[in-house]
Amino acid sequence: MQKQQEFEQIALVHAQSLLRTAFRLTGSREAAEDLVQEALLRAWRSFEQFERGTNAKAWLFKIMLNLSSRQWSQLRSLPPVHSMEDVRQQPATELQPMANAHVLAALDGLPEEHRVVLVLAVIEGFTCKEIAKMLAIPMGTVMSRLGRARARLREQLQQVDKNLSARAAIAASARSDSPAAKKTADWGAARGADARRSPDGGLIQ
Amino acid sequence: MKCSEVEYMAPLYWSGELDAQATAELDRHLQSCSACAHAMELERHGDELIQQAAAAEQIDAAPVLARVRAQIAAESPSVSRRWRWAPLVAASAAAVFLFTFFLLPRQNNSSIPTIQARPATPAVNILADAADDHHDEVVDHLQREWLYSASEIRKLVQEGTGNSAVLTQLTPDGYHIERARICELGMKNYLHLVYSDGTHEVSMFVRQQEGEQLAGAERDTVNGTPVLGDSYQKLQVAAFQSPRYTVVVVSDQPMNATVDFARKAAGAVKASDKTSKHAVPSRLLAQAQELAVRKTA
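Sequence positions are assigned chain by chain, starting from 1 and proceeding in written order. All chains are assigned letters beginning with A, and all ligands numbers beginning with 1, in the order in which they are written. With the structure being a predicted model, the display of local features is reserved for residues of pLDDT at least 70 and the display and counting of side-chain atom pairs for 80 or more, all residues being used for whole-chain, interface and lining totals. Note: side-chain values were computed over all heavy atoms of the structure, leaving out hydrogens and water.

1. Notes on the overall build of chain A
Next, step 1: In DSSP terms, a helix is any run of H or I states spanning at least four residues, a strand is any run of E spanning at least two, and both are numbered starting from the N terminus. Broken down by element type, chain A carries 10 helices and 0 strands.
Next, step 2: N-terminal to C-terminal, the α/β element order of chain A is α-α-α-α-α-α-α-α-α-α.
Next, step 3: Counting over 205 residues, chain A shows a buried share of 48%.
Next, step 4: Long-range contacts, defined as pairs at least 24 residues apart, comprise 67% of the intrachain contacts of chain A with a sequence gap of at least 6.
Next, step 5: Accessible areas in this description were obtained via Shrake-Rupley with a 1.4 Å probe; residue shielding takes into account the shown protein chains only. Just so you have it, chain A exposes about 10100 Å², and 52% of that area is on carbon and sulfur atoms. Using a 1.4 Å probe on the protein chains alone, a residue whose accessible area is under 20% of its type maximum counts as buried, one over 50% counts as exposed, and one in between counts as partly exposed. Should any heavy atoms of two residues lie within 4.5 Å, those residues are considered in contact.

Take a look at the structure:
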């Protein structure tokens, strides 16, 4: 029972972080839950070898990433949790600046090797050294992938921004062409003209 | 600091892994280079957007936790299943005893405010890095990109050091080369050579030396070359520097045996060192790294 309590405090507290990353890896909520469940159970079965005081979160992520690399090929064909296509389908009236859905769609649209390092570094807060160990790749590779991942994400977000701006312009134009809009504009113009006349009816220069 | 160096080190800057000196160098560059400052600001903003989006995402871990807890309860009290250990004597002793300074060109700029203040970070802890690496080998059984073929190992050594004879020079008496790979320690590539006598395994880490500072107790001297040694997590580590190479020896045998490995290697390596330095192009180490990585594809 004591071991279970210890595992609860050391390992299970990271379940949400694991699940969040698993979503980004697998693109499927069901697969993500299965992956995290298996990772936590493996961690439980090797818990006696875990060195207390070391980074438990990094240890758990290593186990999960090791598992996911074997399952990846089966899951790669699944659509991402958020897709850029979903974003483009949104009505043009949604003009709020860079919605969270846009950002996540851009993130999910990155190649997996870029997406993984970006998630681990930016969302989960791991260092480049920790990520290198988790993925069993050199640290220099992690650093270069992060640089490229950030650049590609920026490109994707800039494209989204352009699309949003274009749709906003179209929406604004459509509203201004409507009969009600024309009436409002004419009234506004008339009020403006009245304001420019002097009390005696002459134009104010 | 050059713009290319800023671009390369940006990930370490954001993760807080740069030491105080490097951070200050980078900050000074950003103050004087608007292009880099703009690029870094875009990166910072992008990270902020990702973090906000992730924080807003609804993640419900309750169902998974419930299943895990149920399974744990079902497996208890028979929780004596252990992860299989490779015996310590047969396991690769992958610890490193090295303290490197991150070498950067100094610039004569005055101190100026930073765009995004970063906390000062300590230098990379190679000792902890090495201990974790050994822990990974034994506990987690992570897949490693080892080369086992003698010809491939010789080629790797040639490409990595510029001299395939290093392979033999580092071989302890009664041992043979068993496997090799490229590893990265302290943000530098090392050749990791594992020698075996059938019972024990000894690791030799080697790279072309670039003036790294080795710290540790001096255990011996070979023709004027100090051999340093120390213990870390039940592993014994010895190290030396020839005019061309930095070599670190790790084993689970007593300190005097480990130092002996290093002493003999130092004698053999130094005897064949040329007085003039042969620059090993970094691309060769990169090629060696790629070679090791491709083995796992």
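From this point, the discussion proceeds with the structure in view.
2. Overview of helix α2 (residues 15–26) of chain A
Residue and element names in this part refer to chain A.
Next, step 1: Here a helix's expected span is defined as the number of its residues, less one, multiplied by 1.5 Å. Along its 12 residues, α2 runs 16 Å from first to last C-alpha, staying within 8% of the 16 Å computed at 1.5 Å per residue.
Next, step 2: Judged by how many residues are buried, α2 sits mostly within the fold: 11 of 12 residues are covered.
Next, step 3: Every buried residue belonging to α2 is among A15, S17, L18, L19, R20, T21, A22, F23, R24, L25 and T26, and all of these are buried.
Next, step 4: Once α2 finishes, G27 follows within two positions and takes phi at roughly 75°, a positive value.

3. What about the packing of aromatic side chains?
Next, step 1: Put simply, two rings from Phe, Tyr or Trp (the six-membered ring, in Trp's case) pair if the centres are within 6.5 Å, and we call them stacked under 30 degrees between planes, edge-to-face over 60, tilted for the rest. A complete count under the given rule lists 8 aromatic pairs over all chains for this structure.
Next, step 2: Ring geometry for Y13 of chain B and W14 of chain B: centres 5.2 Å apart, planes at 80°, overall edge-to-face. Note on accessibility: Y13 of chain B and W14 of chain B belong to one class, buried.
Next, step 3: By way of ring pairs, the aromatic residues F7, W44, F47, F50 and W59 of chain A are connected into one cluster.
Next, step 4: Placement of a charge over a ring requires the Lys NZ or Arg CZ to be within 6 Å of the ring centre, with the centre-to-atom vector within 35 degrees of the ring normal. Lying over the aromatic face of F23 of chain A, R29 of chain A brings its terminal NZ or CZ to 4.7 Å of the ring centre.

4. What to know about unusual backbone geometry
Next, step 1: Of note, A136 of chain A is a non-glycine position whose phi angle comes to about 55°, a positive value.
Next, step 2: The residue A136 of chain A is located in the loop between α8 (128–135) and α9 (139–177) in this model.
Next, step 3: In this structure, N223 of chain B takes a positive phi of about 50° despite not being glycine.
Next, step 4: Relative to the helices and strands, N223 of chain B is located in the loop between β4 (217–222) and β5 (225–232).
Next, step 5: Classification of N223 of chain B by relative accessible area gives exposed; the value is 64%.

5. Some thoughts on the nonpolar core
Next, step 1: The term nonpolar core refers to a set of buried residues drawn from Ala, Val, Leu, Ile, Met, Phe, Trp, Tyr and Cys, joined through side-chain atoms within 4.5 Å. In terms of nonpolar packing, the biggest core is built from 78 residues, with M64, L107 and L118 of chain A together with L26 of chain B touching the most fellow members.
Next, step 2: Core analysis: the second largest hydrophobic core is formed by 30 residues, I182, V202, V222 and A238 of chain B among them.

6. Some remarks on the pairing of strand β3 (residues 201–208) of chain B
Strand residues, when the strand is regular, have side chains that alternate between the two faces of the sheet.
All names here are of chain B.
Next, step 1: Buried residues dominate β3, accounting for 8 of its 8 residues.
Next, step 2: Here β3 shows two buried faces, one formed by E201, S203, F205 and R207 and the other by V202, M204, V206 and Q208.
Next, step 3: The pairing criterion for strands is at least two bridges between them, as found by DSSP. Looking at chain direction, strand β2 (residues 188–196) and β3 are connected through 6 bridges and run antiparallel. Residue pairing for β3: L191 is matched across the bridge by V206.
Next, step 4: Hairpin connection between β2 and β3: a loop of 4 residues separates the two successive antiparallel strands, and G198 in this loop has a positive phi of roughly 100°.
Next, step 5: Of the strand pairs in this sheet, β3 and strand β7 (residues 245–251) are connected by 6 bridges, and their pairing is antiparallel. Bridging from a neighbouring strand, V206 pairs with V247 of β7.

7. Quick notes on helix α2 (residues 20–32) of chain B
Residues and elements named next belong to chain B.
Next, step 1: Counted at 1.5 Å a residue, the expected span for α2 with its 13 residues is 18 Å, and the 19 Å between its end C-alpha atoms agrees.
Next, step 2: A22, T23, E25, L26, D27, R28, H29 and L30 are the residues of α2 that are buried.
Next, step 3: Where α2 is buried, its residues meet α1 (3–15) and α3 (34–56).

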